[in-house]
Amino acid sequence: MNNRLSEPISTLKGVGEETTELFNDLGIYTIYDLLEYFPYRYDDNSLKDLADVKHDERVTVEGKVHSEPSLTYFGKKRSRLTFRLLVGRYLLSVVCFNRPYFKNKLSIDSTVTVTGKWDKHRQTITVQELTFGPKQTLTGIEPVYSVKGKLTIKGMRKFISLAMKEYLDDIHEILPDEFLLKYKLQTRKEALRSIHLPVGQEQLKQARRRFVYEEFLLFQLKMQALRKVQREQSKGIEHKFDYEKFDEFLHTLPFPLTKAQSRVVNEIITDMKSPFRMNRLLQGDVGSGKTVVAAIAIYAAILSGYQGALMVPTEILAEQHAESLVKMFEPFAVNVALLTSSIKGKKRRELLEKLRNNEIQLLIGTHALIQDEIHFHQLGLVITDEQHRFGVEQRRMLREKGENTDVLFMTATPIPRTLAITAFGEMDVSVIDELPAGRKAIETYWVKPTMLDRILSFIEKETSKGRQAYVICPLIEESDKLDVQNALDVHSMLTHFFQGRFQVGLMHGRLTSEEKDSVMRRFSQNEVNILVSTTVVEVGVNVPNATIMVIYDAERFGLSQLHQLRGRVGRGSEQSYCILLADPKSETGKERMKIMTETNDGFVLSERDLELRGPGDFFGKKQSGMPIFKVADMVHDYRALEVARQDAVELVSSKAFWDEKKYEGLRMHLLQSGILDGEKLD
Ligand code: ADP
Ligand code: MG
């Protein structure tokens, strides 16, 4: 960055100590920060036909003074000035308080521009601003900045235009000419001027276009550079193993892999065999069969003489995976261990000891797996399941756990493409885009809570045939704040209703690990026929005999979450059903229920979810991987995002980008982000 721009904000004329603090509060420390402080919206004060303006709306008009102004005083200081103004075919009154000095300047037939509140009934404008002479186009659209405390929007405008006057010439282009030409983009200087001092809607649109592209390009460059550096600076493990043994394992699987599963297995194995370190995201809709893909990759690592780790978000899921992987690996002399927070003391010490000695080849667990005291003998592959909420930082941490360890992230939340290339831009992506053969589409119904009787008899009918049901409630127990169903009440209601005929289980987050375990085990063995639960079963749980999913107060859940919950059924060959009990009041709520009944495709749902909720909410509040764009909007500007990504991929892989002068501006940005200094990486 140019030196002058990095001067502290206090060097700007009129910015004293107090104002400096006000600016600092907004994160503005330098002149550059100020120039890069963009408006969040614009007020349109351009001239309008008064016929189109509503009562009490703010309006700007230009007209000719039509009568001698009359001035009345009340007391010493307060005054009121009125005159008639001819605006096109309108003759209206203008009222101006406490500015007596205007009187002598307003001569009949002179042109003035007036901004103020329009009283349609009295045909009067009460003046907020009055300028002599015709409207200056520059003030047509006014930027509105987010401000705090004593700093007003007007003040902010004043300081910014001052800074623009003084420093605009120090703003340098960072995009190479070829891009400006190719996409017909304004220069950085032009665009910055239009952003702060817009002269018209079209220029503003163009300025926005430029910054959208710039933001996306810089972001994608970072991602692509990170990807390149990670690949090249990392010495990966070249997994080498016996193919015959590997094939043997594939042949013991109870089903043939789907085409999509085979394809992603190939992609993963290719990465594992390469000298680069794998950093891959595996996306596959609920029920698409990711677990078996994970098992295959883990077996390849173990055959190569390494250990594997499988990390999941909940204990329930850890238990379940442990159970099924133990079974899968039994004939192959692979030792699988489960590590959860409930494994303590001597048992835990023994387990960790075995892990260090390579007596355990696969460790399954929750976040507990990345704690400091856990040491592997030789960790070759880490897989995380259902970890779409992981941010870039956490992904980095996990990679650092083992030396050169290959990493695979699995997620069932189908991520809209725009989000995937944003949040996971630095990773390679594999997609399982088909479900195993023979699955029947889940039938989804949206019903009012008043139809509970019919739902109960439906559950009864299905359970009589040997099937099982989940009943999901938003809360564990009654709350005076929220009028929604709670698991305890529903559990006792159903227990009573099905007494002597069916077993009703209860699952929620406040049970101990042992209790959760036991309920889950009894449910998967069909000793419990109906499971009342909170959303703790949302991700990953696999009980293929369950065919009914009832969700109370479904309007309280997001689309992706509903889709995840629905994904707990339809995992076998029987017809499955999802019943949404909801009475949403808002249009969006109704829309969400409707979409759920219309599609089973997680990718379609996630695109719709993104539209309805916006990107900020998509990954939940806790996510930390999503960048915040100042101007760009991932939903509306997705085309620009795709273009910028493609450009970034090409740039980073070209030699010219790293050598030639014209790319210096872009390279500087990468340097500033710390990606190229290597320190943050290994
Ligand atoms: P998810 O992708 O949601 O994690 P799972 O791995 O739990 O899905 O698989 C869902 C169900 O599908 C499991 O019961 C699993 O055994 C079964 N399954 C996985 N792959 C296949 C396949 N190729 N053919 C038939 N069933 C499969
Ligand atoms: Mg799964």
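Residues numbered from 1 in each chain as written. Chains lettered and ligands numbered in written order. Predicted model: local features only at pLDDT ≥ 70, side-chain atom pairs only at ≥ 80, totals over all residues. Heavy atoms only, no water.

**Quick notes on the confidence of the model for the protein chain**
Taken residue by residue, the protein chain gives an average pLDDT of 87. The fraction at 70 or more is 91%. Summarising per-element confidence for the protein chain, the mean pLDDT is lowest in helix H20 (residues 615-618) (54) and highest in helix H9 (residues 290-303) (97). In the predicted structure, residues 620-625 sits below a pLDDT of 50 and forms 5 contacts with residues beyond four places in sequence or in another chain. Counting interchain partners and residues more than four positions distant, the pLDDT-below-50 stretch residues 678-682 has 13 contacts. (pLDDT = per-residue confidence, 0-100. Helix = DSSP H or I, 4+ residues; strand = E, 2+ residues; numbered from the N terminus. Contact = heavy atoms within 4.5 Å.)

**Some thoughts on the pattern of salt bridges**
One side chain can pair with another of opposite charge once the charged atoms of both are near each other. Within this structure, the stated rule accounts for 31 salt bridges. Residue Glu 591 is joined to Arg 608 by a salt bridge in which the shortest nitrogen-to-oxygen separation is 2.9 Å. You can see Glu 591 sitting in helix H18 (residues 587-598) and its partner Arg 608 sitting in helix H19 (residues 602-613), a full 17 residues away along the chain. Owing to a relative accessible area of 27%, Glu 591 belongs among the partly exposed residues under this scheme. (Salt bridge = Lys/Arg side-chain N within 4 Å of Asp/Glu carboxyl O. Buried < 20%, exposed > 50% of the residue type's maximum accessible area, 1.4 Å probe, protein only.)

**With respect to the site of ligand 1**
Neighbouring ligand 1 are 17 residues; Gly 287, Lys 290, Thr 291, Arg 439 and Arg 571 lie closest to it. Between an oxygen atom of ligand 1 and a main-chain N or O atom of Gly 289, the distance comes to 3.0 Å. Within the side chain of Arg 439, an N or O atom sits 2.6 Å from an oxygen atom of ligand 1. For ligand 1, whose accessible area on its own is 570 Å², the fraction buried by protein is 84%. Split by residue class, the shell around ligand 1 holds 6 nonpolar, 7 polar and 4 charged. (Near = heavy atom within 4 Å. Polar contact = N/O pair within 3.5 Å; in protein donor to acceptor, adjacent residues only side chain to side chain. Areas by Shrake-Rupley, 256 points an atom, 1.4 Å probe, with all protein chains shown as cover. Nonpolar A, V, L, I, M, F, W, Y, C, P; charged D, E, K, R; others polar.)

**A look at helix H15 (residues 487-497)**
Within the sequence span of H15, burial applies to Ala 487, Val 490, His 491 and Leu 494. Summarising the axial view, the buried residues of H15 lie within an arc of 105 degrees, below the 170-degree limit, and thus occupy one face. For H15, the N-terminal cap is Asn 486; the gap from its side-chain oxygen to the backbone nitrogen of Leu 488 is 3.3 Å. (Arc of directions from axis to C-beta.)

**Side note on the sheet that holds strand S15 (residues 428-432)**
Strand order in the open sheet formed by 7 strands is S11-S12-S10-S13-S14-S9-S15, with parallel pairing between adjacent strands. Two strands bound the open sheet, and with one partner strand each, they are strand S11 (336-339) and S15. Geometrically, the sheet is characterised by an average inter-axis angle of 20 degrees between neighbouring strands, direction not taken into account. Pairing geometry for strand S13 (residues 379-384) and strand S14 (residues 406-411), over 4 bridges, is parallel. Following the sheet pairing, Val 382 is matched in S14 by Val 407. Contacting strand S9 (279-284), S13, S14 and S15, helix H8 (residues 259-273) runs over the sheet at an angle of about 155 degrees to S15. Helix H10 (residues 315-329) rests against strand S10 (307-311), S11 and strand S12 (362-365) of the sheet, and its axis sits at about 155 degrees to S12. (Pairing = 2+ DSSP bridges. Axes fitted to C-alpha atoms, helices over the stretch in contact; angles between N-to-C directions.)

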